[in-house]
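Working through the structure, step by step
The primary structure of each chain is shown beneath.
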Amino acid sequence: MEKSSFIRACRDGGFAIEQALRELDRSFYAILFRDGLRTLGDRDAARDLVQDTFIKVWRRCATFRGDSELLPWIRSILRHGALASLRRPVREIALDADDTITADTSRRLWELSVEGNPSPEQLAHQNEQAVHFQRGWRRFQQEDPLHASVMTWIVEDGLSTEDIAQLLDRTPGATREFISQCRKHARRYLKDWYALATDLGGSP
Amino acid sequence: MSVGTDEDWLDALAGRKPGQPLDERVNAAVFEGLALRTSIAAVLRADPQAAQQGEAATESIIDADREIALIARARAHGLLSPDRPKNPNLRRSEGTAAWSAQVPRLGFAVVLLAAVSVGLWTSFHEPVIAVRGAQTGTVRLRDRNPGALQRQLEQELGAAGVPVTGFSRLGRVGIDADLPVPVPAAIALILARHHLPIPADGVLSVEIDAAVP
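Residues numbered from 1 in each chain as written. Chains lettered and ligands numbered in written order. Predicted model: local features only at pLDDT ≥ 70, side-chain atom pairs only at ≥ 80, totals over all residues. Heavy atoms only, no water.

**Overview of the overall build of chain A**
When helices and strands are tallied, chain A shows ten helices and zero strands. For chain A, the α and β elements follow one another from N to C terminus as α-α-α-α-α-α-α-α-α-α. Within chain A, the fraction of its 204 residues that count as buried is 47%. Entry remark: accessible area of chain A is about 10000 Å², with carbon and sulfur atoms responsible for 47%. (Helix = DSSP H or I, 4+ residues; strand = E, 2+ residues; numbered from the N terminus. Buried < 20%, exposed > 50% of the residue type's maximum accessible area, 1.4 Å probe, protein only. Areas by Shrake-Rupley, 256 points an atom, 1.4 Å probe, with all protein chains shown as cover.)

**Observations concerning the overall build of chain B**
Looking only at helices and strands, one finds eight helices and five strands in chain B. Going from N to C terminus, chain B has its helices and strands arranged as α-α-α-α-α-α-β-β-α-β-β-α-β. Counting across all 213 residues of chain B, residues that qualify as buried make up 37%. Summarising the internal contacts of chain B: among those between residues at least 6 apart in sequence, 50% fall at separations of at least 24. Per element, the accessible surface of chain B, about 12300 Å² overall, is 59% carbon and sulfur. (Contact = heavy atoms within 4.5 Å.)

**Describing helix α2 (residues 15–40) of chain A**
Residue and element names in this part refer to chain A. Here α2 is 26 residues long, yet its end C-alpha atoms lie only 32 Å apart, well below the 38 Å a rise of 1.5 Å per residue gives. At F28, α2 shows its strongest bend, of approximately 60°. Just past α2, the residue G41 takes up positive phi, approximately 70°. (Expected span 1.5 Å × (residues − 1). Bend = angle between axes of the 7 residues up to and from the residue.)

**Section: the nonpolar core**
In terms of nonpolar packing, the biggest core is built from 68 residues, with F6, L24, W58 and M151 of chain A touching the most fellow members. Residue contributions to this core reach at least three from each of two domains, namely domain 1 (3–86) and domain 2 (103–199) of chain A. Excluding residues within four positions of it along the chain, M151 of chain A makes contact with W137, F140, C182 and A186 of chain A together with W9, L13, L36 and I40 of chain B. (Core = buried A, V, L, I, M, F, W, Y, C linked by side-chain atoms within 4.5 Å. Domains from an automatic or database assignment.)

**Observations regarding the state of the cysteines**
Residue and element names in this part refer to chain A. Applying the stated criterion to the full structure yields one disulfide over all chains. In this model C10 forms its disulfide with C61; the gap between the sulfur atoms is 2.1 Å. In this structure the cystine formed by C10 and C61 twists about its S-S bond by roughly 75°; its chirality is therefore right-handed. Of the two residues, C10 is situated in helix α1 (residues 3–12) and C61 in the loop between α3 (43–59) and α4 (70–86); the sequence distance between them amounts to 51 residues. (Disulfide = S-S within 2.5 Å.)

**Quick notes on the environment of F28 of chain A**
All names here are of chain A. Relative to the assigned elements, F28 resides in helix α2. For the pair F28 and V50, spaced 22 residues apart in sequence, the C-alpha to C-alpha distance is 9.3 Å. Beyond its immediate stretch of four places on either side in the chain, F28 contacts M1, F54, L70, L71 and I74.

**Looking at the pattern of salt bridges**
According to the stated counting rule, one finds 21 salt bridges over all chains in the structure shown. One salt bridge in this structure joins D44 of chain A and R47 of chain A, with 3.1 Å as the shortest N-O distance. Taken together, the residues D44 of chain A and R47 of chain A, both in helix α3 and three residues apart, mark about one turn of the helix. What makes D44 of chain A exposed here is its relative accessible area of 54%. What makes R47 of chain A partly exposed here is its relative accessible area of 29%. One salt bridge in this structure joins R183 of chain A and E32 of chain B, with 2.9 Å as the shortest N-O distance. Taken together, the residues span two chains, with R183 of chain A in helix α9 (residues 172–189) and E32 of chain B in helix α2 (residues 24–46). Just as R183 of chain A is buried, E32 of chain B falls in that class too. Each of D35, R38, R75, R79, E156 and D157 of chain A takes part in one network of salt bridges that share partners. (Salt bridge = Lys/Arg side-chain N within 4 Å of Asp/Glu carboxyl O.)

**Structural notes on the confidence of the model for chain A**
Scored by pLDDT, chain A comes out at a mean of 82, with 81% of its residues at no less than 70. Counting contacts from residues 200–204 of chain A, a segment whose pLDDT is below 50, to residues more than four positions away or on other chains yields five contacts. (pLDDT = per-residue confidence, 0-100.)

**Looking at the environment of A82 of chain A**
Residue and element names in this part refer to chain A. Here A82 is to be found in helix α4. Overall, the relative accessible area of 1% leaves A82 in the buried class. Considered as a pair, A82 and A45 are 37 residues apart in the sequence and their alpha carbons are 9.5 Å apart. If we skip the residues at most four places from it in the chain, A82 touches T39, L40, L49 and W153.

**Structural notes on α3 of chain A**
With 17 residues, α3 of chain A should reach 24 Å at 1.5 Å per residue; the first-to-last C-alpha distance of 24 Å fits that figure. Inspection of α3 of chain A places A46, L49, V50, Q51, T53, F54, I55, V57 and W58 of chain A among the buried residues, and these make up the whole buried set. Against α1, α2 and α4 of chain A together with α4 (64–76) of chain B lie the buried residues of α3 of chain A. For α3 of chain A, the N-terminal cap is D42 of chain A; the gap from its side-chain oxygen to the backbone nitrogen of D44 of chain A is 3.2 Å. (Polar contact = N/O pair within 3.5 Å; in protein donor to acceptor, adjacent residues only side chain to side chain.)

**Points about unusual backbone geometry**
All names here are of chain A. Positive phi, close to 60°, is recorded for D169, a residue that is not glycine. Topologically, D169 is positioned in the loop between α8 (161–168) and α9. Taking relative accessible area as the criterion, D169 reaches 69% and is therefore assigned exposed.

**Some remarks on the packing of α2 of chain A against α4 of chain A**
Residue and element names in this part refer to chain A. Following both chains from N to C, one finds α2 and α4 inclined at 35°, their axes separated by 10 Å at the closest point. Considering how the two elements wind past one another, α2 and α4 form a crossing that is right-handed. For the pair α2 and α4, the contacting residues are L24, F28, I31, L32, R34, D35, G36, T39 and L40 in the first and L70, L71, I74, R75, L78, A82, S85 and L86 in the second. Residues belonging to the contact of α2 with α4 are distributed by class as follows: eleven nonpolar, three polar and three charged. (Axes fitted to C-alpha atoms, helices over the stretch in contact; angles between N-to-C directions. Left-handed = near helix turned anticlockwise from the far one by under 90°. Nonpolar A, V, L, I, M, F, W, Y, C, P; charged D, E, K, R; others polar.)

See the structure below:
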């Protein structure tokens with residue numbers, strides 16, 4: 001759906017909204033459903049989230065200025081809705097005493113982060129790391145979808161601290177704490193992956 | 001863990017390049033963020049093969065039941081209330097809002113006046129079209145240049161956002177169009193200009209015969 005059509009329908013109201021709702025559904029449902037499913041992990045909840053998002057889109061359509069594209073704006077509304085569904089009392093996780101990363105681990109992590117021309121042995125290690133990561137990440141998404149989803153959105157859209165504060169509707173200080181929690185939670189759920197990075201090429 | 005390193009970690013996770021030079025502590029945060037970014041991106045790339053993506057793919061682009069549910073939900077939220085034709089969330093001052101409440105009535109009056117004016121105007125000019133009446137839902141017009149009138153109708157209704165299909169069958173040209181219901185003022189005006197009645201169900205079918213000179 002073109003944003004000019006959207007703005008026009010918002011201005012015209014009435015039947016134009018009904019038509020535009022159908023058009024929104026046809027244009028964006030699949031991609032938003034996928035986002036919702038990934039975040040909430042439940043088909044019915046994802047369907048409900050997308051329809052609720054479309055309703056919110058029309059309630060707020062007058063605030064869409066057309067500076068950005070339509071989909072990112074709708075996605076941000078979906079994410080707010082998803083976060084509201086996921087929000088629950090946050091249990092603080094005590095920071096590990098040994099939270100620093102050694103120079104060796106740092107080097108291993110660097111190797112994980114860049115594309116290279118790996119040897120068969122390195123390739124096997126990479127596959128093993130990928131398996132550990134996928135396993136840990138899946139558990140992270142299932143058990144702590146709030147932090148995992150925000151981390152996914154950071155990767156997808158390059159969110160800054162300010163963007164995350166806006167998304168979470170939190171103060172800058174609370175947002176920095178949330179980001180710190182993301183990092184800690186990732187370390188907890190991905191500990192095997194981190195351990196592999198530490199142990200790679202050396203004795204366990 | 002300092003706030004600074006968390007910010008470096010976030011920047012790396014988001015794909016923003018770190019400033020130079022990096023000390024060892026910042027390096028660790030950046031590498032950690034980059035490695036996570038690479039691995040999360042790989043998971044996202046692999047997503048199409050994942051089961052959940054397969055499920056998402058089963059959600060068709062057009063789903064009548066889904067659309068009906070959405071419209072019903074919008075109606076339940078008062079978005080499509082017939083007595084609230086304008087979006088209630090458009091920000092207006094109170095005075096403007098009060099004035100805007102009269103817009104539908106005013107719009108109707110304008111359309112009526114325009115329709116009467118157009119009718120009067122055309123009655124004093126050489127009639128190029130004549131309504132022969134609507135039979136089985138099809139309106140028949142007569143014009144000296146049916147093709148030109150067909151194109152004009154297509155153009156005018158199309159510009160008003162109406163999907164129009166032109167046709168030529170049995171030596172007769174015409175158009176089929178699905179009008180929004182209720183018919184907006186702008187479209188009603190076009191219909192009035194061409195002596196076309198407003199179809200109750202929004203389905204407009206027009207055939208144009210060649211008028212004898």
